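Coordinates in review
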Amino acid sequence: MFGANLRLLSQDYSSISELARQLGINRTQFNRYLSGESFPRPDVLERICTFFDVDARILLEPAESVRKNGNILTGSFLTEFTGAGVSNLPNDLFPNGFYRFSRRSFMDPNRFVIGLVYIFRDLGATYLRGYENREAMRLQGLPTTPNSREFRGYIARQEDGIVAVVARRKAMTCSFNYLSKVASFENNYWLGYVCRTVRESPESTRVERLVYEHLGTDRIKVMQAARQTGFCDAPDLIPFHAHLLQSNVPFR
């Protein structure tokens, strides 16, 4: 039963080798689990159960009867719809590390925002974390403490790119982001758009073009980028960011 369950749970992953790597299990040993030749130690079983969002009954009962309900996106109801995108985003398609992003300001169409986010993976899922600009928070009459400025989200794979759903603490605000890779010298740029989940207003926009630039984990490069975050005018944008944003072309 365990081997059959593990084979079923592994179907959403295109590569068994990558799945074994994410689980931290030797590929040969993982194959033994799949074939039913051996069973995992308690600590390894716990790791497998946490990863697939099931409990230890996976050893004795069919997988569909022991799936937990806590993980909405990869639970039994949505796993064939949202689950594949959430749990199957290879690192080479959208690498871990820091990203610098640029977009037009939602509050002032004559200015732009440069920010920094961190992308990482945990138990097969890809997450995003960052902090709102202090000046932007002040302009909205909001607290500027780190706790208030922090935002987090999850990233899912799409056919020709990735999507990110991002929210501030307690779901105070939310945004939908879409990005696809563009040709560049270092192959480290993504272009798309960001949409705010707010009511329509004649004074502000809800959708703007968005550029992501992968910086990796080089501390010097990341710190230099961090010092440049905040509001800026069009001439102060990074040249290739400005080229991709096409600030004079209406967004469609």
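That block above? That's the structure.
Position numbers for residues count from 1 along each chain, tracking the sequence in the order it is written. In view of the model being predicted, local features appear only for residues whose pLDDT reaches at least 70, and side-chain atom pairs are presented and counted only at 80 or more, with totals across whole chains, interfaces and linings using the full set of residues. The basis for every side-chain value is the complete set of non-hydrogen atoms in the structure, without hydrogens or water.

1. Notes on the overall build of the protein chain
Here is the rule: By definition, any uninterrupted DSSP run of H or I lasting at least four residues is a helix, any uninterrupted run of E lasting at least two residues is a strand, and each is numbered from the N terminus. Categorising residues by exposure relies on relative accessible area from a 1.4 Å probe, with only protein chains included: less than 20% of the type maximum marks a residue as buried, more than 50% marks it as exposed, and the intermediate range marks it as partly exposed. Any pair of residues with heavy atoms lying within 4.5 Å of one another is described as a contacting pair. A 1.4 Å probe and the Shrake-Rupley method give the accessible areas. Residues count as covered only by the protein chains that appear here.
Summing up its helical and strand segments, the protein chain has 10 helices and nine strands in all. The C-alpha extent of the protein chain, read off along each of the three principal axes, is 65 × 40 × 35 Å. In the protein chain, buried positions account for 42% of the 252 residues. Long-range contacts, defined here as pairs at least 24 residues apart, represent 50% of the contacts in the protein chain between residues at least 6 apart. Accessible area for the protein chain stands at about 14,500 Å²; split by element, carbon and sulfur atoms hold 52% of it.

2. So, the side chain of Arg104
The cut-off we apply is this: For the purposes of these results, a polar contact is taken to be a pair of N or O atoms within 3.5 Å, where, inside protein, one atom must be able to donate a hydrogen and its partner to accept one; residues adjacent in sequence count only when each atom of the pair is a side-chain atom.
For Arg104, the position within the fold is in strand S1 (residues 97-104). In this structure Arg104 comes out as buried when scored by relative accessible area, which is 18%. One polar contact links the side chain of Arg104 to the main-chain carbonyl oxygen of Pro109, over a distance of 2.4 Å. Within the structure, the side chain of Arg104 is placed 2.7 Å from the backbone oxygen of Ser247, a separation counted as a polar contact. With residues up to four places along the chain from it excluded, the contact list for Arg104 reads Pro109, Arg111, Phe112, Glu208, Arg209 and Ser247.

3. Observations regarding the nonpolar core
Filter applied, for reference: As used here, the term nonpolar core means buried Ala, Val, Leu, Ile, Met, Phe, Trp, Tyr and Cys residues forming a set that is joined through side-chain atoms within 4.5 Å.
Residues Phe94, Tyr99, Val117, Ile119, Leu128, Ile155 and Tyr212 are the most contacted members of the largest nonpolar core, which totals 21 residues. For this core, the secondary structure elements donating two or more residues are S1, strand S2 (112-122), strand S4 (150-158), strand S5 (161-168), strand S7 (189-196) and strand S8 (207-216). Listed in part, the 18 residues of the second largest apolar core include Leu23, Phe30, Val44 and Ile48.

4. Overview of the packing of aromatic side chains
Short version of the rule: Two aromatic rings, drawn from Phe, Tyr or Trp (for Trp, its six-membered ring), form a pair once their centres lie within 6.5 Å of each other, and the interplanar angle then sorts them: stacked below 30 degrees, edge-to-face above 60, tilted otherwise.
Taken as a whole and assessed by the stated rule, the structure comprises 14 aromatic pairs. Here the aromatic rings of Phe98 and Tyr118 are separated by 4.8 Å at their centres, their planes lie at 45°, and the arrangement is tilted. On the criterion of sequence distance, the pair formed by Phe98 in strand S1 and Tyr118 in strand S2 is long-range, its members being 20 residues apart. Given the relative accessible area of 27%, Phe98 is considered partly exposed. Look at Tyr118 and you get partly exposed, because its relative accessible area is 31%. For the ring pair Phe120 and Tyr127, a centre distance of 5.6 Å and an interplane angle of 35° mean the geometry is tilted. By relative accessible area, which is 29% here, Phe120 ends up partly exposed. Accessibility expressed as a relative area gives 32% for Tyr127, which makes it partly exposed. Every member of this aromatic cluster is reached through a ring pair, and the members are Phe94, Tyr99, Phe101, Trp190 and Tyr212.

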